[in-house]
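Read off the chains here:
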Amino acid sequence: MDVVGWIVVIVLFIVGMAGAVYPVLPGALAIYFAFFVYGWFFSFAPYNALFWIIQTLIVVALFVADYAVNAWGVKRFGGSRLSAILSTIGIIIGPFVIPAFGLILGPFIGAVLGELISKAPLDRAIKVGFGSVLGLFTSTVMKVILQLAMIIVFLIWVL
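Residues numbered from 1 in each chain as written. Predicted model: local features only at pLDDT ≥ 70, side-chain atom pairs only at ≥ 80, totals over all residues. Heavy atoms only, no water.

**Looking at the overall build of the chain**
- Broken down by element type, the chain carries 6 helices and 0 strands.
- Referenced to the eigenvectors of the C-alpha coordinate spread, the extents of the chain come out at roughly 60 × 30 × 15 Å.
- Looking at the chain as a whole, 42% of its 159 residues qualify as buried.
- Expressed as a percentage of contacts within the chain between residues at least 6 apart in sequence, the contacts between residues at least 24 apart total 65%.
- Accessible area for the chain stands at about 8,400 Å²; split by element, carbon and sulfur atoms hold 80% of it.
- Charge centroids of the chain, computed over 7 positive and 4 negative side chains, lie 14 Å from each other. (Helix = DSSP H or I, 4+ residues; strand = E, 2+ residues; numbered from the N terminus. Buried < 20%, exposed > 50% of the residue type's maximum accessible area, 1.4 Å probe, protein only. Contact = heavy atoms within 4.5 Å. Areas by Shrake-Rupley, 256 points an atom, 1.4 Å probe, with all protein chains shown as cover. Lys, Arg positive; Asp, Glu negative; His and termini not counted. Charge placed at Lys NZ, Arg CZ, Asp CG, Glu CD.)

Here it is as structure tokens:
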């Protein structure tokens, strides 16, 4: 059973890390769930309150940063609130509508549409669209770093 437990934990870690790049996957929640799987298969003894506080704070930071950084990218390039909202919607639905490139085109198109609806000139709308993509890439890097931190903290605690 030990092998099965570790396989499930590792698969959840892989799904979690893939979720940093592909927002449809549960990302941090898969990693967080892996801690419970470890506890069920092996023991919850290595965990203490500090472990759960650290992990929960990282998860909260991930969720806040995920949307805040994307909105920051839009705002930094002069985008409107509508552009930030449509860019976020584009991140979610883009990969479904345009499977190969939707993750990048979704927020870009959302931000551009938001600006055009807000009566901004096309050159400004495109600039804001690039800001949304910059925000997406920045957010992805932050998610990878924070999710790796979750896994490292887990490994330190249990090994």
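Still more ground to cover, so stick around.
**Re the UniProt feature "transmembrane region" (unreviewed entry) in the chain**
- If you check UniProt for "transmembrane region" (unreviewed entry), the listed places come out as residues 6-22, 51-72, 84-113 and 133-158 in our numbering.
- Spanning residues 84-113, this segment combines 87% helix with 0% strand, and its end C-alpha atoms are found 10 Å apart. (UniProt positions renumbered as here; feature names shortened; annotations may be inferred.)

**Things to note about the packing of aromatic side chains**
- Within the structure shown, the criterion is met by 25 aromatic pairs.
- Summarising the aromatic geometry, the rings of Trp-6 and Phe-154 are spaced 6.4 Å apart at their centres and angled 65° between planes, so their arrangement reads as edge-to-face. Of this pair, Trp-6 sits in helix α1 (residues 2-21) while Phe-154 sits in helix α6 (residues 122-158); the two residues are 148 residues apart in sequence, bridging distant segments of the chain.
- Given the relative accessible area of 28%, Trp-6 is considered partly exposed.
- Since its relative accessible area comes to 0%, Phe-154 is described here as buried. (Phe/Tyr/Trp six-rings, centres within 6.5 Å; stacked < 30°, edge-to-face > 60°.)

**A short note on the confidence of the model for the chain**
- Model confidence for the chain is summarised by a mean pLDDT of 93, while 100% of its residues fall at 70 or above.
- Put simply, helix α3 (residues 49-76) is where the chain has its lowest mean pLDDT, 90, and helix α2 (residues 28-41) is where it has its highest, 97. (pLDDT = per-residue confidence, 0-100.)

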